[in-house]
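Each chain, written out:
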Amino acid sequence: GKEQAKQWYQRRVRGAKFRRNVPKPMTKQHQQRPAEQNIGLTKYKQHIESKSVMQLFRRNPSPDIVPRIEYEDGMKRVGMIGRKLGETRSFRRNGDVSLATMIEIQDNYVLAQRPIVQRVDEEEKVVLRVGAFDHDNLEEVPLAKQKEYLAIGQVPKEAEHDFNVSKDLVLPINYKLDISHFFVGQYLDISGTTVNRGFQGVMRRWGHKGQGYCYGRTKTHRRPGSISTQGLARVLKGRKMPGIMGNRDRTWEDKQILYANYEKKYILVDGHVMGVVGCYLFLRDSARMDPIQGPLLHYPTFVGEAGALGTEVYDSSVVDPTWDFQTAYDNRIDRLRC
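Residues numbered from 1 in each chain as written. Predicted model: local features only at pLDDT ≥ 70, side-chain atom pairs only at ≥ 80, totals over all residues. Heavy atoms only, no water.

**Brief notes about the packing of aromatic side chains**
Taken as a whole, this structure holds four aromatic pairs when the rule is applied. Both rings, one in Tyr71 and one in Tyr299, keep their centres 5.5 Å apart while their planes meet at 35°; by these two values the pair is tilted. Here Tyr71, found in the loop between α3 (51-57) and β1 (80-91), pairs with Tyr299, found in the loop between α6 (290-293) and β13 (312-314); they are 228 residues apart in sequence, far enough to count as distant. You can call Tyr299 buried: its relative accessible area is 2%. On the basis of an interplanar angle of 45° and a centroid distance of 4.7 Å, the ring pair of Tyr259 and Tyr314 is categorised as tilted. Residue Tyr259 is found in strand β10 (residues 249-261), and its partner Tyr314 is found in strand β13; the two are separated by 55 residues along the sequence. Overall, Tyr314 belongs to the partly exposed group, its relative accessible area being 28%. Ring pairs connect the aromatic residues Tyr259, Tyr266 and Tyr314, which therefore count as one cluster. One cation-aromatic arrangement involves Arg77 over Tyr299; the distance from NZ or CZ to the ring centre is 6.0 Å. (Phe/Tyr/Trp six-rings, centres within 6.5 Å; stacked < 30°, edge-to-face > 60°. Helix = DSSP H or I, 4+ residues; strand = E, 2+ residues; numbered from the N terminus. Buried < 20%, exposed > 50% of the residue type's maximum accessible area, 1.4 Å probe, protein only. Lys NZ or Arg CZ within 6 Å of the ring centre and 35° of its normal.)

Below you can see the structure in the form of structure tokens.
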């Protein structure tokens, strides 16, 4: 009856809030602010649930420190989840100025682990599920998901992701990963969802030139034109047509870490990274740079306190506040003269 229809509608409206990989959007005010001021900010700041309810989830402490393992060829560590804060500039010692992206990396926790069934000739691996960024409102978390987090003793997380890990580098459940898992100068493979541009034509989506604007054209200036289907009676696969632009899962390889702030827990990555401000990014060690940076990494993760590395660490190619800016300016002038 009417009561059943009302309940069905309420479940459907509530279910729209539980879609995965949909981050809480930052307000327009936050997007217009400098990236440094977006650290730790979300649209929903008030906790509806009391602190006593939150303590029910945080009852299990983090496991002890795991022993360090010697590097072997082909080892694959666990990745981490970050959040895009915005874009800024990085000044190099040779005088160049390049684009850089700020990524916040709060404490990540290992939530689950399961083996991968593979062929005999392949290396045995395990999938580790990692979660990050505590939920501000428990009413947005489904009851079944709350029971899973309650069983492991963790607060429900906004973002989760599965990472393939070598069998020898498996971390225990509820283990905490911090920003020191990566080091300054390391190269990362970053995965995320591109900006959703909506339905676009061929000129913006594929960069087509368009048709002429001379005499005789009527309402066909930006249209794709013929799609060459005469005699086929069908559209060929892969034909560049108007459609949805963006909102695709992509991975950008070999992004170098230029700067790390271990106190505020964010890093500066060279170049542009996909996604809107506030979206979640999945960071892992670069696959192509593994022969070079593999022996320099910590296996299975960094063991020790993040404070031992210092508050701020800069890459050797980046200008830090203690460096002479006049030297960078002179280098820039010399290069322009050449």
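After that view of the structure, there is still more to cover.
**Let's talk about the pairing of strand β3 (residues 108-115)**
On any regular strand, side chains alternate: one points to one face of the sheet, the next to the other face. Bridge count between β3 and strand β6 (residues 176-177): two bridges; the pairing is antiparallel. Across the sheet, the residue bridging to Asn108 is Leu177, located in β6. Of the pairings in the sheet, the one linking β3 to strand β4 (residues 125-134) comprises six bridges and is antiparallel in character. Following the sheet pairing, Gln113 is matched in β4 by Leu128. (Pairing = 2+ DSSP bridges.)

**Details of the nonpolar core**
Grouped together as the largest cluster of nonpolar side chains are 38 residues, with contacts concentrated most on Ile267 and Leu283. At the level of secondary structure, the elements contributing two or more residues to this core comprise β1, β4, β5 (157-166), β7 (187-193), β10, β11 (266-270) and β12 (280-285). Dropping the residues within four chain positions of it, Leu283 is found in contact with Gly79, Met80, Ile81, Gly82, Ile103, Ile105, Phe163, Phe182, Leu188, Asp189, Ile190 and Ile267. Counting seven residues, the second largest nonpolar core, distinct from the first, contains Phe57, Tyr109, Tyr149 and Val155. (Core = buried A, V, L, I, M, F, W, Y, C linked by side-chain atoms within 4.5 Å. Contact = heavy atoms within 4.5 Å.)

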